Amino acid sequence: MSKIVRWETPFTNAFYPSVILAAIPLSSPMRMETNNLKVIVTPHSLEYPKYLVDFGEVLAFTCMEESCCPERDISSATVDETIKNDKSVCAFQWLNSPWLKSYEGCHDPYSTGKFSHYLIYGGDNNIEVITQNVPTIRVVEQKEVLKMEWEV
């Protein structure tokens, strides 16, 4: 059975933060991952601090405008009691999600590690990510340039 649980981050309790996805959607013929996927979360309008979530290589992701986002089959999941009635929570993990199950056996058979399904629900975008990486989160205290590079 699938279960939605709280994902502990510095912005977990931000009420509808601004959420922006930045990705280099290149993949090699041998791997199905997207390289260098990052998410910028701004909990308080345009103010700092902001948070840069680095997912690295991912197997799959979505970024959908929240007001017109198609309904997800979350109703089939058990929701952890600690977040069931807490409307301020915006960061989740979906354990044993249908999406995770659909990718079983489709990824690189030589890879190691278990895949996880992360969700960030914002006031402008909802983002979902499937990765075997543990995302890193960095605080951004002031304006900076984000550079994402790759070799061809």
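Our subject in this report is the structure included herewith. Every chain is numbered on its own, with residues counted from 1 as its sequence reads. Restriction of local features to residues with pLDDT of at least 70 applies here, the model being predicted, together with a cutoff of 80 or more for giving and counting side-chain atom pairs; totals for whole chains, interfaces and linings are based on all residues. Note: side-chain values were computed over all heavy atoms of the structure, leaving out hydrogens and water.

**Description of the packing of aromatic side chains**
At step 1: Two rings belonging to Phe, Tyr or Trp (six-membered ring only in the last case) form a pair when the distance between their centres is within 6.5 Å. Interplanar angles under 30 degrees mark stacking, angles over 60 mark edge-to-face geometry, and anything in between is tilted. A full pass over the atoms with the stated rule returns seven aromatic pairs.
At step 2: Between F55 and Y118 the ring centres are 5.8 Å apart and the planes differ by 55 degrees, which places this aromatic pair in the tilted class. Remark: Y118 occurs in strand β8 (residues 116-121) and F55 occurs in strand β4 (residues 50-58); sequence separation between them is 63 residues. Considered together, F55 and Y118 belong to a single accessibility category, that of buried residues.
At step 3: When the centroid spacing of 5.8 Å and the interplanar angle of 65 degrees are considered together, the rings of F92 and Y121 count as edge-to-face. Of this pair, F92 sits in strand β7 (residues 91-95) while Y121 sits in strand β8, placing them 29 residues apart in sequence.
At step 4: Type-normalised accessible area, obtained with a 1.4 Å probe on protein chains alone, sets the label of each residue: buried when under 20%, exposed when over 50%, and partly exposed for intermediate values. The class for F92 is buried, based on a relative accessible area of 12%.
At step 5: For Y121, a relative accessible area of 22% translates into the label partly exposed.
At step 6: Taken together, the ring pairs connect W7, F11, Y51, F55 and Y118 into an aromatic cluster.
At step 7: Just above the ring of Y48 sits the side chain of K50; from NZ or CZ to the centre is 4.9 Å. Numbering of helices and strands runs from the N terminus, with a helix taken as a DSSP run of H or I at least four residues long and a strand as a DSSP run of E at least two residues long. Geometrically, a charge over a ring is one whose NZ (Lys) or CZ (Arg) sits within 6 Å of the ring centre while staying within 35 degrees of the ring normal.

**Looking at the nonpolar core**
At step 1: Core analysis: the largest hydrophobic core is formed by 17 residues, its most contacted members being W7, F11, V39, V41, V53, F55 and I120.
At step 2: When residues of this core are traced back to their parent elements, those giving at least two are β3 (34-42), β4, β8 and β9 (125-131).
At step 3: Setting aside residues up to four positions removed in sequence, F11 forms contacts with V41, P43, Y51, V53, C90, A91, I120 and I137.
At step 4: Residues enter a nonpolar core if they are buried and are Ala, Val, Leu, Ile, Met, Phe, Trp, Tyr or Cys, with the set joined through side-chain atoms within 4.5 Å. Core analysis: the next-biggest nonpolar cluster, separate from the first, contains seven residues, I4, A77, F92 and W94 among them. Contacts between residues were defined by any pair of non-hydrogen atoms, one from each residue, lying within 4.5 Å.

**Quick notes on the pattern of salt bridges**
Should their charged atoms come close, side chains of opposite charge can pair.
At step 1: When a carboxyl oxygen of Asp or Glu is within 4 Å of a side-chain nitrogen of Lys or Arg, the pair counts as a salt bridge. Enumeration according to the criterion identifies three salt bridges in this entry.
At step 2: The partner of R6 in a salt bridge is E8, with the nearest N and O atoms 2.5 Å apart.
At step 3: Relative accessible area serves as the criterion here: at 56%, E8 is assigned to the exposed category.
At step 4: For R138, the salt bridge goes to E144, with nearest N and O atoms at 2.8 Å.
At step 5: Exposure remark for E144: the relative accessible area of 43% places this residue in the partly exposed category.

**Description of the layout of surface pockets**
Over the atoms, a rolled probe matching the size of one water molecule traces out where space is still vacant.
At step 1: Buriedness for pockets is judged along seven lines, at least five of which must meet protein on both sides within 12 Å for an open set on the 1 Å grid over protein atoms alone, while cavities are sets there where a 1.4 Å probe fits but cannot get out, and lining residues have an atom within 4 Å of a point. Grid points are joined across faces, edges and corners, and a volume is the space filled by probe spheres set on the points. When its volume is computed, the largest pocket comes out at roughly 440 Å³.
At step 2: Along its surface, the largest pocket is lined by 19 residues, and D86, K87, V89, F92 and Y121 are the ones closest to its centre.
At step 3: Classifying every residue of the lining of the largest pocket by side-chain character gives 12 nonpolar, three polar and four charged. Gly is put with the polar residues, along with every residue not named as nonpolar or charged; the nonpolar set is Ala, Val, Leu, Ile, Met, Phe, Trp, Tyr, Cys and Pro, and the charged set is Asp, Glu, Lys and Arg.

**Things to note about the sheet that holds strand β1 (residues 3-6)**
At step 1: Taken in spatial order, the six strands of this open sheet run β5-β9-β8-β7-β1-β6, and their pairing is mixed. The sheet is open, and its two borders are formed by β5 (60-65) and β6 (78-79), each paired with just one other strand.
At step 2: Strand pairing requires that DSSP identify at least two bridges connecting the strands. Two strands pair when backbone bridges link them, and β7 and β8 are joined in this way by three bridges, in the antiparallel orientation. When the bridges of β8 are listed, A91 appears paired with I120.

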